[in-house]
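Structure at a glance
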Amino acid sequence: MKEMVQAWDPALPHVHEVLRARFQDHSYPAHTHHTWTLMEVGHGAVAYELDRAKHQIPPRTLALLPPHVPHTGRSAREGRAYTKTVLYLDEEWLPEKSIGMSVDQPLLHGPEALGTFHRLTAAITHPGDSLVAEESLYSLHEQLLTHLRGAPSPAPPDASLARRFRSLLDDHLPHTPTLQEAADLLQTHPSHLSRSFSQTFGISPHRYVIGERVEIARKLLLAGVPVTEVAEFSGFYDQAHLTRHFRQVLGTTPGRFVSK
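Figured I'd write up the structure that's included with this text. (Residues numbered from 1 in each chain as written. Predicted model: local features only at pLDDT ≥ 70, side-chain atom pairs only at ≥ 80, totals over all residues. Heavy atoms only, no water.)

**Considerations on the pattern of salt bridges**
For the record, the criterion: A pairing counts as a salt bridge when a side-chain nitrogen of Lys or Arg comes within 4 Å of a carboxyl oxygen of Asp or Glu. Secondary structure elements follow DSSP: runs of H or I of four or more residues count as helices, runs of E of two or more count as strands, with numbering from the N terminus. Type-normalised accessible area, obtained with a 1.4 Å probe on protein chains alone, sets the label of each residue: buried when under 20%, exposed when over 50%, and partly exposed for intermediate values.
Counting across every chain of the model gives three salt bridges. Note that D129 is salt-bridged to R244, the shortest N-O span being 3.1 Å. Residue D129 is found in the loop between α2 (111–124) and α3 (130–148), and its partner R244 is found in helix α9 (residues 239–250); the two are separated by 115 residues along the sequence. The shortest N-O distance in the salt bridge between R195 and E142 comes to 2.4 Å. Of the two residues, R195 sits in helix α6 (residues 190–201) while E142 sits in helix α3, which places them 53 residues apart along the sequence. Take R195: its relative accessible area is 14%, and that puts it in the buried class.

**As for the pairing of strand β6 (residues 53–57)**
As a reminder of what qualifies: Strand pairing requires that DSSP identify at least two bridges connecting the strands.
Here five bridges tie strand β5 (residues 46–50) to β6, and the two strands are oriented antiparallel to one another. By the bridge assignment, E49 is partnered in β6 with K54. In textbook terms, the turn of a hairpin is the stretch between consecutive antiparallel strands, and for β5 and β6 this stretch comprises two residues, one of which, D51, has a positive phi near 55°.

**Focus on the packing of aromatic side chains**
Note the cut-off: Centres within 6.5 Å make a pair out of two Phe, Tyr or Trp rings, where for Trp the six-membered ring is used; the pair is then stacked when the planes are under 30 degrees apart, edge-to-face when over 60, and tilted otherwise.
In the structure shown here, the tally under the stated rule is six aromatic pairs. Taking 5.8 Å as the distance between ring centres and 85° as the angle between the ring planes, the aromatic pair formed by F23 and Y28 counts as edge-to-face. For Y28, a relative accessible area of 23% gives the class partly exposed. Centre to centre, the rings of F165 and F197 are 5.4 Å apart; their planes meet at 75°, and the pair counts as edge-to-face. Of this pair, F165 sits in helix α4 (residues 159–172) while F197 is found in helix α6, placing the two residues 32 residues apart along the sequence. Just as F165 is buried, F197 falls in that class too. Of the aromatic side chains, those joined through ring pairs into one cluster are F165, F197, F201 and Y208.

Shown next as structure tokens:
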């Protein structure tokens, strides 16, 4: 398989770029970024120097590279390819004191952060799943702060805040605000808002909104609205987005739901 690079702007708050690549012979010279770099190695292994210290990233491991700190990169096994998925995040995404901490402990081996990273990158590739992408991004933010031991324990969940958030979502259905927009309106941090909602109601904001949109779609179908128009009227990105979530919730497709 040839070397490959694919990059795009996911139009997600705090994320400047997503990059997926496969390299075998390419070797990065020493360079810096203005962003935080969060990288997963999928296959193979990467050897790199960060602030002149040598490291190696094994498969299915996350590495956090801080802004403005020189680093290199190459395959850890000569002649063997590796694959990677990279997020480039705002310089302000983590506090400045996290830079030194990430130089000292750049690798995350646990399954929790890796699972959140996978949910985030999967949501980025599915148009219409921006809310779950935001939830994953802010959850990852808290997990990284915990890893770096540079932040106090998260604030306890706020049930009153969660109820106000649910009312806000209900008032704007089917086209709801982003997590960041809702947090700004309710004067809180997005991660605290998402965590409060999930722990109060036992369901994530994304899953709640999807369930409500499916209910809207269900009523529209029973009222005789053509299947081709239901996605738009119920807040889904397109017909495929509606069908995927309708089947997941109700066990059938919109067309079969109303077929005679």
